[in-house]
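Structural description and commentary
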Amino acid sequence: MEQLTEINALEETKRLPAVKRSIWREIVKQKYAHMFILTGMLIVFVFHYLPMFGILMAFEDYSISSGIKGIFTSEWVGLKYFKEFVSAYNFNLIVTNTLAISLLKLLFTFPMPILLAIMFNEVRHQLFKRFAQTVSYFPHFISWVVVSGLLVIFLSTNSGIVNDLLKGLGLTEKSLPFLSSPNYFWGLAVTTAMWKEAGWWAIIFLAAISGLNPSLYDAAEMDGAGRLRRIWHITLPGIRGTIVVVLILAVGSLLGGGLVGSNFEQSYLLGNAMNSERSEILQTYAFKMGLAQGRYAYATAIDLLQSIIAIILVFGSNYLSKKITKNSLF
Amino acid sequence: MIKVMKSTWLLALALMLLLTACSASNNGKQGGQATNAASSGTENDVKPVDDSTEQEIVELDLFVNMSWWPLKDWSGKIPEEITKKTGVKLNIQVAADDKQLPLLIASGDLPDLVYTATDLTRMADPDVSYPLGELIEKYVPDFKISQERIGVNTMPDGNFYTIRNAFSTEQEWIDNPKALPGANGMTLRQDIMEELGNPELNNLEDLISILASVKAKYPDMVPLVWDKDQIGQNLRINFGLKKSNGFVDIDGAARYYLKDENYLDYYLYMNRLYREGYMLAENFTFKDAQQDDQYVLNGQAFAHGAGNADMTNPQLEELGKPFKMMQVTKLLSGKAGIPMGGSGWAGMYITKNNKNPEAAIKFLQYMYSEEGQKLGLYGIEGEDWEWNDAEKYPVMKYDFNNTDIQTQMGAVWWGLIGSSGVNEALQRYNPDSQMTQWGLAAREALEFNPALGLVSTEPDTEEQTIEAQIRNMVTTEELKIYMAASEEEARAQYEALLQKAESLGLAKLEEWATAKYKEYQKNF
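This paragraph deals with the layout of surface pockets. Leftover empty space is mapped by rolling, across the atoms, a probe with the size of a water molecule. In this structure, the second largest pocket encloses a volume near 900 Å³. Thr-157, Asn-158, Lys-174 and Ser-175 of chain A together with Leu-280 of chain B are, among the 28 residues lining the second largest pocket, the residues nearest its centre. Mapped by element, the contributors of at least two residues to the lining of the second largest pocket are strand S5 (222-226) and helix H12 (263-275) of chain B. When its residues are assigned to classes, the lining of the second largest pocket shows 14 nonpolar, 7 polar and 7 charged.

This next bit is on empty space enclosed by the protein. Summed over the entire model, instances satisfying the criterion amount to 2 cavities of 30 Å³ or more. Of the volumes computed, that of the largest cavity is approximately 60 Å³. Along the walls of the largest cavity sit Ala-88, Tyr-89, Asn-90, Tyr-285 and Met-289 of chain A together with Gln-469, Asn-472, Met-473 and Leu-504 of chain B, which together make up its complete lining. Listed by contribution, the elements that provide at least two residues to the lining of the largest cavity are helix H17 (282-292) of chain A together with helix H21 (462-482) of chain B. Take the lining of the largest cavity: its biggest share by element is 3 residues, from H21 of chain B. In terms of residue class, the lining of the largest cavity is made up of 6 nonpolar, 3 polar and no charged.

With that settled, consider the pairing of strand S12 (residues 385-388) of chain B. Residues and elements named next belong to chain B. Sheet topology places S12 next to strand S13 (residues 393-396); 4 bridges connect them, and they run antiparallel. Considered in S13, the bridge of Glu-386 is made with Val-395. Hairpin remark: S12 followed by S13, antiparallel, with 4 residues in the connecting loop; positive phi at Lys-392, about 60°.

This next bit is on the packing of aromatic side chains. Residue and element names in this part refer to chain B. Taken as a whole and assessed by the stated rule, the structure comprises 40 aromatic pairs over all chains. Taken together, a centroid distance of 6.3 Å and an interplanar angle of 85° make the contact between Tyr-266 and Tyr-482 edge-to-face. Remark: Tyr-482 occurs in helix H21 and Tyr-266 occurs in helix H12; sequence separation between them is 216 residues. In this pair, the class of Tyr-266 matches that of Tyr-482, namely buried.

Looking now at the domain arrangement of chain A. Considered domain by domain, chain A is made up of domain 1 (2-55) and domain 2 (79-325). Using C-alpha coordinates to define each centre, domain 1 of chain A is positioned 41 Å away from domain 2 of chain A.

The figure often quoted for interface size is the accessible area lost as the parts come together. All names here are of chain B. Under the domain assignment used here, chain B contains domain 1 (55-168 + 344-442) and domain 2 (186-339 + 457-521). Spacing between the C-alpha centres of domain 1 and domain 2 amounts to 29 Å. At the junction of the two partners, domain 1 supplies 13 residues and domain 2 supplies 21 residues. Summing both sides of the interface, domain 1 and domain 2 together bury roughly 1,500 Å²; the carbon and sulfur share of this comes to 54%.

How each quantity is defined
- Residues numbered from 1 in each chain as written.
- Chains lettered and ligands numbered in written order.
- Predicted model: local features only at pLDDT ≥ 70, side-chain atom pairs only at ≥ 80, totals over all residues.
- Heavy atoms only, no water.
- 1 Å grid on protein atoms, 1.4 Å probe; cavity = no way out; pocket = protein on both sides within 12 Å on 5 of 7 lines; lining within 4 Å.
- Points joined across faces, edges and corners; volume = space filled by probe spheres on them.
- Helix = DSSP H or I, 4+ residues; strand = E, 2+ residues; numbered from the N terminus.
- Nonpolar A, V, L, I, M, F, W, Y, C, P; charged D, E, K, R; others polar.
- Pairing = 2+ DSSP bridges.
- Phe/Tyr/Trp six-rings, centres within 6.5 Å; stacked < 30°, edge-to-face > 60°.
- Buried < 20%, exposed > 50% of the residue type's maximum accessible area, 1.4 Å probe, protein only.
- Domains from an automatic or database assignment.
- Contact = heavy atoms within 4.5 Å.
- Buried area = accessible area lost by both parts, 1.4 Å probe.

This is how it looks when you write it as structure tokens:
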């Protein structure tokens with residue numbers, strides 16, 4: 001019996017070229033690890049790739065009453081919905097809001113966690129450092145629904161604590177219409193997102209900083225480098241790779257709000273008819289059109305347009321980063 | 001190898017534990033059922049009939065597509081009585097928001113029954129719901145529905161999928177002089193009115209001057225607060241406008257409601273209320289339907305748009321507040337009007353997922369019957385109400401406006417499943433109530449035009465897309481009129497609003513609506 005298996009194995013090795021043989025052997029050797037990866041791939045396939053056939057809806061005269069089958073049988077209308085969206089009276093407004101909120105968030109919320117991580121790293125009092133770090137990432141765990149509920153109460157013009165405080169301190173005479181004036185929405189979106197997520201993202205940068213060789217700092221100190229110089233010449237270059245990877249990810253999800261995400265949640269929960277001039281974004285518009293009005297085809301077209309922009313942004317930022325910093329995601 | 005063996009053992013052990021836990025919980029359930037059976041067995045000896053009816057009870061799942069629906073389950077003596085009469089018990093699921101039903105339709109996960117006032121045409125689809133005619137023919141041939149009701153609920157495919165409540169013919173309204181329309185009211189702080197020397201309130205100018213005096217005397221107070229879903233509604237009645245959607249008759253053609261000649265006056269009046277500081281901009285940001293009530297209950301507001309003094313006053317008393325609200329019981333303009341066009345409000349649909357369509361249609365037959373309507377709306381006859389034969393209205397024996405009592409009894413709301421407009425309207429009549437006085441005044445303003453009310457767009461048609469886009473645009477653009485810095489700007493914004501509507505295809509929509517209107521007019 002043993003002889004037979006040996007012969008079989010020998011024949012098999014004869015059939016396979018040397019490289020393939022070694023790969024196959026590696027795979028067999030790591031079969032448990034591969035099973036884990038396969039499960040992950042399966043999940044990605046089932047939940048991310050498989051539903052992509054729904055994109056077809058964007059080019060069809062699709063009605064929800066025709067069900068899933070309708071996605072394949074509906075009449076083809078080409079770019080009708082894309083044209084309709086582009087010529088919508090509020091197209092410019094929605095696109096401007098989406099881009100402005102996203103870019104403002106990138107501009108302000110991206111450097112914040114890096115700054116915070118460096119500051120934490122410089123704190124010598126361990127207990128205070130741990131306390132401050134916990135406090136800073138805690139808001140990450142509060143859902144936007146709760147946060148917006150709190151904001152509505154705090155920012156009310158009539159009895160909100162923020163307006164009472166501002167008036168009490170003599171900073172304003174009249175209550176500021178934080179929630180009902182479109183002028184405040186962008187600022188509100190950026191600051192609240194920063195408050196909620198900066199501490200959380202600081203963890204990644206802190207981890208990168210803790211991986212730096214302490215002897216570098218010692219050497220720099222010996223050479224007479226002060227604290228700022230050490231940050232500038234050791235910490236920042238040391239975590240450059242992490243910064244670039246996180247930046248590419250942030251640019252990739254730019255239209256969703258970048259690192260801190262939450263563009264949709266904020267616009268949906270804090271947006272209202274009064275501030276919609278500044279709060280209506282692609283995602284909320286697609287949501288209203290798709291779910292509230294049942295125009296799935298039109299909403300798919302809007303979302304598809306957004307996905308295309310996101311893909312361009314990921315590849316573009318990756319390419320630029322490869323050229324400029326020699327660091328890239330892929 | 002040893003590691004693999006170890007992990008396999010661990011996995012097996014974990015699986016065994018899980019299975020033991022599952023079977024233990026199953027046993028627990030079985031044990032529970034056994035005890036129940038034993039206890040009903042004891043009852044069996046005493047009341048065998050009850051047990052047999054219990055066995056016949058059909059449980060159906062009902063999705064109520066109104067997130068504000070006050071009754072969250074099928075409990076209280078009225079639902080119990082309905083179950084006794086029909087053998088149907090409902091498991092209630094109240095919508096979380098207005099997006100849930102479209103999602104349920106799209107995913108095909110609809111429960112047995114759906115009660116909704118929106119997405120009606122989406123529900124009226126042979127793939128989604130049963131045509132009622134088909135079920136009646138098959139299971140309850142003795143279920144008779146008046147031709148008018150069938151007429152106003154018939155869809156373009158020739159079927160009717162529901163009979164909506166709140167519908168009554170003009171004749172039914174004339175025959176029931178105590179039937180009061182559910183017109184949006186307004187309440188004022190009684191104590192402040194007295195302090196102001198009870199100024200006259202006969203027209204809309206009087207209202208403005210009262211609000212001005214309140215603002216001058218109580219600068220910290222909000223002179224007028226609106227319910228977030230009813231902003232301006234009471235004033236729309238006073239300006240004789242169709243509520244806030246659909247079409248109006250202008251020279252025999254169906255025109256979009258915004259073109260009503262009184263609409264601009266209404267907008268300018270609302271703009272004046274805002275400009276002169278009588279209402280808050282923040283009112284338009286309210287996300288919670290109770291926010292306005294809080295202003296009133298906390299004594300922060302003077303006037304309450306959509307207020308009902310009969311409901312608010314007991315709450316104020318309970319909270320120990322030293323003031324009361326009084327209802328404005330007059331129409332404040334000669335233009336006032338309440339259009340009674342249409343085919344009703346909400347309807348119950350028997351979905352294609354229904355596990356027992358026979359029980360469902362029999363349940364509907366009962367809810368549409370006079371007996372079922374009155375049981376659902378008023379309560380148990382003799383116990384909760386008695387019919388005043390001389391004046392033709394039900395005399396309630398309980399505090400009909402108290403929401404706690406309504407919830408406890410399960411009264412009023414379930415009656416809406418199949419009630420007629422006048423039966424609903426009759427329950428509002430109570431000679432001692434303030435709302436009754438307002439209702440009697442509002443009755444004078446009823447304007448009937450059923451053909452116009454029937455004009456509504458079908459899903460997935462070009463007209464519906466146009467209408468939806470216009471409506472979406474109006475919700476935000478309308479605010480620019482309300483919030484305009486001057487009357488001229490408000491006028492300009494109104495013109496801009498109409499122009500935007502035109503650019504979205506209003507002419508096409510009106511052309512279609514007029515054709516439909518003429519078609520329906522032939523039936524009346």
